[in-house]
Amino acid sequence: MDSQLNRKKHFRRLLTYLKPYRLPFVVAVIGMLGYAGVDTLFFYHIETLIDQGLGAGNSTILVYGAIFVPFVFVLRGVFNFVSTYFLSYVGFHIVTTMRQQIFEHLMRLPVSYHDQVSTGDLISKITYDSQQLAEATSRAILTMIREGAFVIGLLSLMIYHSWQLSLVFFLIGPVIGKVVSVVSRKFREVSGKIQTAMGNVTTTSEQMINGHQVVVMFEGQEHEAKRFQTVNTATRQQNMKLVNIRTVSTSVIQFIASLSLAAVLFIASFPSMIEELTPGAFTTLLTSMIMLLRPLKQLTNVNADFQRGLAAAASIFKVLDEEQEKDTGHLKTDRVRGELAVKNLTFKYGTADAPALSDISFTVPAGNTIALVGRSGSGKSTISNLLTRFYDYETGTIELDGVDIREYELKSLRRQFAVVSQNVTLFNDTIANNIAYGGRGEVSPEDIQRAIKLAYADEFIDELPQGIETIVGENGVMLSGGQRQRIAIARALLRDAPLLILDEATSALDTESERHIQKALDNLQQDRTSLVIAHRLSTIEKADEILVLDHGKIVERGTHTDLLDKEGAYAQLYNMQFGD
């Protein structure tokens, strides 16, 4: 019962997307009805051609028929074009709108949602599911209206010639309805499984492509091929199930219809019926009955399309119904001073047993630098994620210029931060556009050049044939790690935010690259409140305060010299890197 209510709800919701395109949809419906009407008109005149033309030997009727037939097919072609074009117009506009909605909604969902759902699955919803929705529903509507109108036209023609014989077809209606009802449920189940299977195909493909070098290096080709074969085979099996259900149901319905046709022929053999029907009327009746089998088959198949479209709609609406990132703040500010205070902060990820942070407190005066060090999983990056409200905390407070960060509008809060992390994200665009991505509003070429110089990126950009107009490739694949890092620093410089988060920005670089990057970072940190998450302790020796974290707790704090003198956890980390 609940699933039926959900289907109705999804269908009604789908209709709301149709409202802006009501006029072209009405034109499409007129085209479909016209198409069915022309076909019915053609069969209506068969009786005249046979009885008054061939039977009576009237050649004039046959001449009129010769003129009539091409005219009918031209008219039929016009109606077919109108219905197909305008229905496709509506369908593609709806899928474009829906894709845009999913894309924009995914950007507004919290980071925690993206942590739980695979990228491939989400891409599948934007591409495959939305396309299935457009194709399936357009095909279903076209068939339901056009073939449905044709069935009504043929039945009306049959009743006109002999209501007694036509009655047989009405008796099989409830039987066909029951078959369609049973098959519909199977269609929905299999269609839902196909959506999931296609998501798995996309996810597995994406993982292989993104990790291609790892796959090749560790000879994982056979393993990946087997894994893809598993999900690929599952998709094929579900599609074959759909084909089997559709084929069997069509055969059953056509068999039931053939029994009714046999019954009609048997009844028509009675002398009273033979006397009542003319050859033309009987031919028209028989032709109409035979022609009914095709639209009945189409109407049975359309159920599969319709159910597949509804399954795709349910998958898309599930994403669109996900709650957006909460933005309860009302405070807007152009630029803060940069004073940061974290008080008794405790945070736990989702259903995790242990908290990632336990009772963390520290203060960073405006313009100062604080460094976070510790083993992997000690909670360093969690702090930076909470500062920018990628996750919301419940216990404790984080204050910016004495105001709880939850009081700020999310957009306004995040404008106060520039982030440079170990994993640099670059877009498949020019170097100039990647750097300008960090700016607000119009960014001048002079601003970009200034950021490039301060980031020491001009050393390699000037050597490129196309300079700042060089396309960096997907995620900067055309550049080295150090070059990508300097572009990220230039982007942060252009943003000119009062607070800076450096998340292990030099940990993956060689010594030469690190020396260049460190100069650029020194420029970046000028007059900014900086939070530095460091793996290499040599990069934080000048920090105003260093916090040593372990299992989500601050175990030591102080300057570089103070912590070495204590000979505690920091000194151990330092000695591991540099020796005694």
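Please refer to the structure placed before this passage.
If you're wondering where the values come from, they're calculated on a predicted model, not measured in any experiment.

## A few points about the layout of surface pockets
Now for step 1: When its volume is computed, the largest pocket comes out at roughly 2,300 Å³.
Now for step 2: Residue lining of the largest pocket: 45 residues in total, with Phe390, Thr425, Phe427, Tyr437 and Arg491 positioned closest to the centre.
Now for step 3: Elements that contribute at least two residues to the lining of the largest pocket include exactly α4 (59-108), α5 (111-116), α6 (119-161), α12 (380-387), α13 (410-414), β6 (417-421), α17 (481-495) and β7 (499-503).
Now for step 4: Here the element with the most residues in the lining of the largest pocket is β6; it accounts for 5 residues.
Now for step 5: Of the residues belonging to the lining of the largest pocket, the class tally is 22 nonpolar, 13 polar and 10 charged.
Now for step 6: Counting only domains with at least three residues in the lining of the largest pocket, you end up with domain 1 (8-321) and domain 2 (340-578).

## With respect to the packing of aromatic side chains
Now for step 1: Across all of its chains, the model carries 8 aromatic pairs by this definition.
Now for step 2: With 5.2 Å between their ring centres and 90° between their planes, tyrosine 85 and phenylalanine 86 make a pair best called edge-to-face.
Now for step 3: For tyrosine 85, a relative accessible area of 44% puts it in the partly exposed group.
Now for step 4: Look at phenylalanine 427 and tyrosine 437: their rings are 4.6 Å apart centre to centre, the planes differ by 40°, and that puts the pair in the tilted class. Pair noted here: phenylalanine 427 is in the loop between β6 and α14 (431-436) and tyrosine 437 is in the loop between α14 and α15 (445-454), with a separation of 10 residues, a long-range link.
Now for step 5: A relative accessible area of 37% means that phenylalanine 427 is categorised as partly exposed.

## Points about the pairing of strand β9 (residues 545-550)
Now for step 1: For strand β3 (residues 369-374) and β9, the ladder comprises 5 bridges, and the chain directions are parallel. Bridged to leucine 372 within β9 is leucine 547.
Now for step 2: As paired elements, β9 and strand β10 (residues 553-558) share 5 bridges and run antiparallel to each other. Within β10, the position partnered with aspartate 550 by the bridge is lysine 553.
Now for step 3: Here β9 hands over to β10 after 2 residues, with histidine 551 in that stretch at a positive phi of 50°.

## As for unusual backbone geometry
When glycine is set aside, most residues are seen to have a negative phi, and most peptide bonds are trans.
Now for step 1: A positive phi angle, near 60°, is found at aspartate 527, a position not held by glycine.
Now for step 2: Taking relative accessible area as the criterion, aspartate 527 reaches 73% and is therefore assigned exposed.
Now for step 3: Notably, glutamate 567 is not glycine yet its phi reads approximately 55°, a positive angle.
Now for step 4: Among the structural elements, glutamate 567 can be located in the loop between α19 (560-566) and α20 (569-578).

## A few points about the nonpolar core
Considering soluble globular proteins, one finds that nonpolar side chains tend to be buried as a cluster.
Now for step 1: Counting 43 residues, the largest nonpolar core has Val373, Ile435, Ile489, Leu524, Ile540, Ile546 and Tyr570 as the members making the most contacts within it.
Now for step 2: It is α17 that contributes the most residues to this core, 7 residues altogether.
Now for step 3: The residues touching tyrosine 570, leaving out its near neighbours within four places in the chain, are Val373, Leu537, Ile540, Ile546, Val548, Glu556, His560, Leu563 and Leu564.
Now for step 4: Formed by 29 residues, the second largest nonpolar core is a distinct cluster that contains Val364, Leu372, Ile383 and Leu531.

Scoring rules and cut-offs
- Residues numbered from 1 in each chain as written.
- Predicted model: local features only at pLDDT ≥ 70, side-chain atom pairs only at ≥ 80, totals over all residues.
- Heavy atoms only, no water.
- 1 Å grid on protein atoms, 1.4 Å probe; cavity = no way out; pocket = protein on both sides within 12 Å on 5 of 7 lines; lining within 4 Å.
- Points joined across faces, edges and corners; volume = space filled by probe spheres on them.
- Helix = DSSP H or I, 4+ residues; strand = E, 2+ residues; numbered from the N terminus.
- Nonpolar A, V, L, I, M, F, W, Y, C, P; charged D, E, K, R; others polar.
- Domains from an automatic or database assignment.
- Phe/Tyr/Trp six-rings, centres within 6.5 Å; stacked < 30°, edge-to-face > 60°.
- Buried < 20%, exposed > 50% of the residue type's maximum accessible area, 1.4 Å probe, protein only.
- Pairing = 2+ DSSP bridges.
- Core = buried A, V, L, I, M, F, W, Y, C linked by side-chain atoms within 4.5 Å.
- Contact = heavy atoms within 4.5 Å.

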